[in-house]
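Topology and contacts: notes
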Amino acid sequence: MKLFDEENELVVQRRKNFQEIIELGFEPFPHKFHRSHTITEIAEQYGHYAGQRSPQELERINRELNRVEVRIAGRMMTQRLMGKAGFAHLSDGDRQLQIYVRSNEVSEREWVLFKKLLDLGDIIGVEGYLFVTKTGELSVHVRQLAFLAKAFLPWPEKWHGLQDVELRHRLRYLDLMVNRHSRQVFVKRSRIIRAIRAFFDQRGYIEVETPMLTPIATGAAARPFKTHHNALDIDLYARIAPELYLKRLVVGGFEKVYELNRNFRNEGLSHRHNPEFTMLEFYQAYSSYEDLMDLTEELLIHVVEDVNGSLEIIYDGRPIHFGRPWRRLTLIEAIITYWPHPASRPSPEELWDSERLTALMKSVECTVDPQAPVGQRLVKLFEHVAESHLIQPTFIIEFPTEASPLAKQSETDPRLVHRFELYVGGLELANAFCELNDPEEQRRRFEEQMQLRQRGDEEAMMMDEDYVRALGYGLPPTAGEGIGIDRLVMILTDQKSIRDVILFPHMRPEA
RNA sequence: GGGCCGUUAGCUCAGUCGGUAGAGCAUCGGGCUUUUAACCCGAGGGUCGGAGGUUCGAUUCCUCCACGGCUCACCA
């Protein structure tokens, strides 16, 4: 894909204009422009002067405003020329402000610059005074005009902006310039992350950083990215989860820790998967997964209120209510509840029967590996029949042990672990459980995973001997949770694709 | 990886039941000293994603390739 052709007439024209700007004596790439205000500051301080008024009232307002001298800078987004005067809008990235330039009130070369040589997208600075036009728009009446930087490449369509999804992702800088909505998504993302940190900081958790490059990739079921350390001559893996390091820290006495950072998984891309994604993980000693359900409700309510102002949002055209308490149902209940054919709705006993389970899965067109452990197949079946129905915040609890090699078993039913996943808008947002802290049992679970791996399950977990040793020193009863931040941002910004909440999503290289 | 869909001017999009294409914005020239989707007059700009095939003739039909979108699989 060829984005911009150097021979394109629009590019040639812009280069020519740039040459003439230099010939007029303007510095081609000035180092600095002193601003008295950002455009956003002017909009906030003087925006209330805008609005239609009677001629007398306008004159009175302008006598006051004309005393406000400003120096502002920004990117020229629009321009309207009318013979010996003209208007333009400058943007500081956030807000826009109109400027008004008259040929007889600026120097001759400044007028030539404004009228003939500036192109949409160029960056300029102006000095002048504020006024309100007769149509009621707050504007700067320009006395001096400075050239600051050239946009050499053509500008997108002014009404529709940049629509092409591929271009919006590859040329994110351009997308951010012309699509205000796109900018707002990432401003909101930043606020969400700030709100999360504030929540944990206020509650006495400490934020930590654990390795991104690790000798074994473990803590989740996924294929890793592999790289090589030259000096040590060893292979390293980009982490797929920080889980085992964070629990080592709980062993070490950090009773409440969190980490908010990137994970890497070498899997397919989809509207909800990017190879690198942002994960919040937190662990707290002397707590159970029940405590974490309460905490998760508090956390997300804090975040939703902070960025949204209310507990109801719209996602994909449907309202979602974050008011407590959120629904809780077990994984088995969810499968039965959302079973698509009421006549053949299975019982819990049927679901736990390996052969019956395979038949049931086939009956609802869920692809099945009959050799896989029953527990793994149950999770797959749950995702197949129930996941897309979980629009309102819902905790799915009690997962099969076989699908949860790091979680502590139920006291009453060893087939199950005390684990939950949180679903909102049909997306899995969080995963949490009581942490397995019996070193012998943990070793046995790792060994089970290694057997699956030998049978060809590339996503089965690798043995981590040092982690078992850490458990050998004693991990207090602990619960931990991971929350997918990109998906949370999707929900709160009403975006259907993870690529729209990641500034530079993974793309194939340009052809 | 499979299925379906898409790729036409810098951008946003029409269109050609097979006879090599249009609009708006943007650009260029002219006019206009409070416009704001400014307006008025005039002009230029396209290997119709790439390669092959069928055909007298392909942007249009077929095949392959590239990139993208949706979806399925994978992501427990």
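Residues numbered from 1 in each chain as written. Chains lettered and ligands numbered in written order. Predicted model: local features only at pLDDT ≥ 70, side-chain atom pairs only at ≥ 80, totals over all residues. Heavy atoms only, no water.

Before going further, it helps to spend a moment on the overall build of chain A. Assigned secondary structure in chain A consists of 16 helices and 18 strands. The C-alpha atoms of chain A give 30 Å as radius of gyration, which overshoots the globular expectation for 511 residues (24 Å, by more than 25%). With respect to the principal axes defined by its C-alpha atoms, chain A has extents near 90 × 55 × 50 Å. Per-residue burial for chain A yields a buried fraction of 50% across its 511 residues. When contacts within chain A are restricted to residue pairs at least 6 apart in sequence, those whose partners lie at least 24 apart make up 67%. Total accessible area on chain A is roughly 24,800 Å²; 50% of this is exposed by carbon and sulfur atoms. For chain A, the centre of its 65 positive side-chain charges and the centre of its 78 negative side-chain charges are spaced 7 Å apart. (Helix = DSSP H or I, 4+ residues; strand = E, 2+ residues; numbered from the N terminus. Rg over C-alpha atoms; globule rule 2.2 N^0.38 Å. Buried < 20%, exposed > 50% of the residue type's maximum accessible area, 1.4 Å probe, protein only. Contact = heavy atoms within 4.5 Å. Areas by Shrake-Rupley, 256 points an atom, 1.4 Å probe, with all protein chains shown as cover. Lys, Arg positive; Asp, Glu negative; His and termini not counted. Charge placed at Lys NZ, Arg CZ, Asp CG, Glu CD.)

Attention shifts here to the pattern of salt bridges. Under the criterion given, the structure shown has 41 salt bridges. Salt-bridge contacts for Arg-239 lead to Glu-259; the nearest nitrogen and oxygen are separated by 3.0 Å. Of the two residues, Arg-239 is situated in the loop between strand 9 (234-238) and helix 8 (243-251) and Glu-259 in strand 10 (residues 256-264); the sequence distance between them amounts to 20 residues. Accessibility expressed as a relative area gives 2% for Arg-239, which makes it buried. Here Arg-324 makes a salt bridge to Glu-297, at a shortest N to O gap of 2.5 Å. Taken together, the positions of Arg-324 in the loop between strand 13 (318-321) and strand 14 (327-330) and Glu-297 in helix 9 (residues 289-308) put the pair 27 residues apart, joining distant regions of the chain. Residue class for Arg-324 comes out partly exposed when judged on its relative accessible area of 42%. Overlapping salt bridges, with partners in common, bring together Arg-203, Glu-290, Asp-294, Glu-297, Glu-298, Arg-324 and Arg-328 in one network. (Salt bridge = Lys/Arg side-chain N within 4 Å of Asp/Glu carboxyl O.)

Now for a nonpolar patch on the surface. A surface patch of nonpolar side chains, about 340 Å² in accessible area, is lined by Tyr-173, Leu-503 and Phe-504. Summarising the element assignment, Phe-504 is placed in the segment after helix 16 (485-493). (Patch = residues over 30% accessible without salt bridge, like charges linked within 9 Å, V, L, I, M, F, W, Y side chains within 5 Å.)

Right, let's get into the protein's contact with RNA strand B. Surveying the vicinity of RNA strand B reveals 54 residues, the closest of which are Lys-134, Thr-135, Lys-158, His-273 and Ala-403. When atoms of RNA strand B within 4 Å of the protein are split into backbone and base, the sugar-phosphate part holds 62%. One of the side-chain N or O atoms of Lys-380 is found 2.5 Å from a phosphate oxygen in RNA strand B. A distance of 2.3 Å separates a base nitrogen of RNA strand B from a polar atom in the backbone of Ala-403. Those elements that provide at least two residues to the surface near RNA strand B are helix 1 (9-23), strand 1 (69-82), strand 2 (85-91), strand 3 (96-102), helix 5 (165-170) and helix 13 (374-385). (Near = heavy atom within 4 Å. Polar contact = N/O pair within 3.5 Å; in protein donor to acceptor, adjacent residues only side chain to side chain.)

Attention shifts here to the packing of helix 12 (residues 354-363) against helix 13. Running from N to C, helix 12 and helix 13 cross one another at 25°; their axes reach a closest spacing of 11 Å. Put simply, helix 12 runs roughly parallel to helix 13. Handedness of the crossing formed by helix 12 with helix 13: left-handed. Contact residues: helix 12 offers Ser-354, Leu-357, Thr-358 and Met-361, while helix 13 offers Val-374, Arg-377, Leu-378, Lys-380 and Leu-381. Per-class residue counts for the contact of helix 12 with helix 13 are five nonpolar, two polar and two charged. (Axes fitted to C-alpha atoms, helices over the stretch in contact; angles between N-to-C directions. Parallel < 35°, antiparallel > 145°, perpendicular 65-115°, else oblique. Left-handed = near helix turned anticlockwise from the far one by under 90°. Nonpolar A, V, L, I, M, F, W, Y, C, P; charged D, E, K, R; others polar.)

Where burial is concerned, most of strand 15 (residues 394-400) is hidden: seven out of the seven residues are buried. Sheet analysis places strand 14 next to strand 15, joined by four bridges and oriented parallel. By the bridge assignment, Leu-329 is partnered in strand 15 with Ile-396. (Pairing = 2+ DSSP bridges.)

Looking now at the sheet that holds strand 7 (residues 213-214). Across the sheet, which stays open at both edges, the three strands sit in the order 7-9-8 with antiparallel pairing between neighbours. Each edge of the open sheet is held by one strand with a lone partner, namely strand 7 and strand 8 (226-229). Of the pairings in the sheet, the one linking strand 7 to strand 9 comprises two bridges and is antiparallel in character. Bridging from a neighbouring strand, Thr-214 pairs with Tyr-237 of strand 9.

Another point: unusual backbone geometry. In this structure, the amide linkage connecting Arg-324 to the following residue, Pro-325, adopts the cis form with an omega of -5°. The phi torsion at Tyr-286 lies on the positive side, around 60°, for a residue other than glycine. Along the chain, Tyr-286 falls in the loop between strand 11 (276-285) and helix 9. With a phi angle near 60°, Glu-365 is a residue other than glycine that sits in the positive phi range. Here Glu-365 is to be found in the loop between helix 12 and helix 13. Judged by its relative accessible area of 70%, Glu-365 is exposed.

Now for the packing of aromatic side chains. In the structure shown here, the tally under the stated rule is 17 aromatic pairs. For the ring pair Tyr-100 and Phe-131, a centre distance of 5.9 Å and an interplane angle of 50° mean the geometry is tilted. With a gap of 31 residues between them, Tyr-100 in strand 3 and Phe-131 in strand 4 (residues 123-132) connect regions that are remote in the sequence. For Tyr-100, a relative accessible area of 12% translates into the label buried. (Phe/Tyr/Trp six-rings, centres within 6.5 Å; stacked < 30°, edge-to-face > 60°.)

Okay, the sheet that holds strand 3 next. Reading around the circumference, 1-2-3-5-4 is the order of the five strands in this closed barrel, with mixed pairing throughout. With direction set aside, neighbouring strand axes in the sheet form an average angle of 55°. The pairing of strand 1 with strand 2 spans seven bridges and is antiparallel. Bridged to Met-82 within strand 2 is Ala-85.

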